[in-house]
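The chain contents come next:
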Amino acid sequence: MRRLMWIPLLILVGVALTACEDEQPRTSSDSAYQAPEPTTIPAAAPDPDRGHTLYTTWRCAGCHGERGQGQVGGALAGTTLPFEQFVQAVRQTRPPKPAFSTAELSDDDVRDIYAWVTSLPAAAEVSAALTLEEGEVLGMSVWTQSGCDACHGAFAQGSAYAPPLVETDLSLNDFLAALRRDVTTIPAHGPDAITDEWAARLYRWLVTGASITGGC
Ligand code: HEC
Ligand code: HEC
């Protein structure tokens, strides 16, 4: 009789022990098991020195002046444009200014450029605009007004989906033929976007290096 009374007691103890084992063991590295709090990686502080380098590499200097004092493009030194408007302008074509895609310059890159130009004192006076040969226009204007920059890159350097055209090896005839080949799929290749005469002028500008200050 006494022996039998132990049996339910042992079962109870057994249940209690199993319940304890089901609990996660607590260790000092417990926090590693917790779901991480959603965090946003803090953006690196804008880097004006890097911005200066990008400004030169992406030829902003050629149109806005070495120190952002302005030339073909207006002054950017000490600009009062808010960043949102600045980046919007960078993304848009404003002939002769090409549109810079996010593949060419990321928003962070533009932020660094912005940090550099806003660190400069506002330009006292804007440099004189370029003078071209009689009858010439900026090749860059023809390039951007025809919308070629949208696919072939800001400076005809090519993109992930369209070949480079700067210093093309094509003959003028092959250039014109290639340009007219894809009119249905690429409307910008059609005569409505660019006439043969302007395409030929653009071709000369491209084969001679597509200088941003060069005419055609
Ligand atoms: C081929 C010449 C050319 C190049 C290259 C060029 N720009 Fe411009 N940019 C212009 C012209 C022209 C305008 C329109 C007139 C103006 O507002 O200065 C302009 C306008 C702008 C504006 C708007 C200014 C405003 O006050 O509204 C910004 C910002 C700008 N450019 C930034 C850049 C940056 C950054 C680069 C280099 C990544 C660059 N541009 C390269 C010619 C150029
Ligand atoms: C919507 C995008 C787009 C636009 C805008 C565009 N192109 Fe193209 N272009 C392409 C693609 C994609 C190719 C390559 C496929 C092909 O050759 O059919 C190409 C090929 C070419 C070729 C042949 C290059 C070679 O080496 O075979 C020429 C020349 C050319 N484009 C000129 C121009 C000119 C000039 C403009 C502006 C008037 C222009 N393109 C505008 C997308 C574009």
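These remarks concern the structure in this document. (Residues numbered from 1 in each chain as written. Chains lettered and ligands numbered in written order. Predicted model: local features only at pLDDT ≥ 70, side-chain atom pairs only at ≥ 80, totals over all residues. Heavy atoms only, no water.)

Section: the coordination of the iron atom of ligand 1
This is how the line gets drawn: Donor atoms (N, O, S) are those found within 2.8 Å of the metal centre, with the cutoff raised to 3.2 Å for Na, K and Ca; water is not part of the atom list, so apparent gaps in a site can occur. Each helix is a run of DSSP H or I of at least 4 residues and each strand a run of E of at least 2, with the numbering of both proceeding from the N terminus.
Just one protein atom coordinates the iron atom of ligand 1, and that atom is His 64 (NE2), at 2.0 Å. One can find His 64 in helix H3 (residues 60–64).

Some remarks on the coordination of the iron atom of ligand 2
So the rule is basically this: Under this scheme a four-donor centre is tetrahedral when all angles range from 85 to 135 degrees, a four-donor centre is square planar and a six-donor centre octahedral when opposite donors are above 155 degrees with the rest from 65 to 115, and any other centre is irregular. Partly exposed residues are those whose accessible area sits between 20% and 50% of the maximum for their type, while under 20% is buried and over 50% is exposed, using a 1.4 Å probe and protein chains only.
At this site the iron atom of ligand 2 is bound by His 152 (NE2) and His 189 (NE2), with donor distances of 2.0 Å. Of note is the iron atom of ligand 2, whose 6 donor atoms meet at the metal with angles of 85 to 179° in an arrangement that counts as octahedral. Here the residue His 152 occupies a position in helix H7 (residues 149–152), and His 189 occupies one in the loop between helix H8 (172–181) and helix H9 (196–207), the gap between them amounting to 37 residues. You'll find His 152 and His 189 in the same group, each marked buried.

Some remarks on unusual backbone geometry
Pro 95 connects to Pro 96 through a cis peptide bond whose omega is 0°. By secondary structure assignment, the location of Pro 96 is in the loop between helix H4 (83–91) and helix H5 (107–119). The phi dihedral of Arg 59 is positive, around 60°, even though this residue is not glycine. Following the sequence through the fold, Arg 59 ends up in the loop between helix H2 (48–57) and H3.

A word on the site of ligand 1
We count it as follows: Think of it this way: one heavy atom of a residue within 4 Å of a molecule or strand is enough to make that residue near it. Polar contact is defined as a pair of N or O atoms within 3.5 Å, subject to the rule that within protein one atom must be able to donate a hydrogen and the other to accept it, and that residues adjacent in sequence are counted only when both atoms are side-chain atoms. By the convention adopted, Pro, Cys, Tyr, Trp, Phe, Met, Ile, Leu, Val and Ala count as nonpolar, Lys, Arg, Asp and Glu as charged, and the other residues, Gly among them, as polar.
Not every one of the 20 residues close to ligand 1 is listed here, only the nearest: Cys 60, Cys 63, His 64, Gly 74 and Lys 97. Within the side chain of Arg 94, an N or O atom sits 3.1 Å from an oxygen atom of ligand 1. Listed by contribution, the elements that provide at least two residues to the shell around ligand 1 are H3 and H4. Considering only residue class, the shell around ligand 1 consists of 14 nonpolar, 3 polar and 3 charged.

Considerations on the site of ligand 2
Near ligand 2, the surroundings consist of 20 residues, among which Cys 148, Cys 151, His 152, Arg 181 and His 189 are the closest. With respect to ligand 2, the side chain of His 152 contributes an N or O atom lying 2.8 Å from a nitrogen atom. With respect to ligand 2, the side chain of Arg 181 contributes an N or O atom lying 2.5 Å from an oxygen atom. Listed by contribution, the elements that provide at least two residues to the shell around ligand 2 are H7 and H8. Per-element tally for the shell around ligand 2: the top contributor is H8, with 4 residues.

As for the packing of H4 against H5
Going by this rule: To define axes, lines are fitted to C-alpha atoms, for helices over the stretch in contact only, and angles between the resulting N-to-C directions are given on a 0 to 180 degree scale. Helix crossings get a hand from a simple test, with the near helix turned counterclockwise from the far one by less than a right angle marking a left-handed crossing and a clockwise turn marking a right-handed one. The contact rule is simple, with two residues in contact once any of their heavy atoms fall within 4.5 Å.
The contact between H4 and H5 brings their axes to 10 Å, and the two run at 115°. Handedness of the crossing formed by H4 with H5: right-handed. Taking contact as the criterion, the partners of Phe 83, Phe 86, Val 87, Val 90 and Arg 91 in H4 are, on H5, Asp 107, Val 110, Arg 111, Ile 113, Tyr 114 and Val 117. Split by residue class, the contact of H4 with H5 holds 8 nonpolar, no polar and 3 charged.

Treat this as a map of the structure, not an account of what it does.
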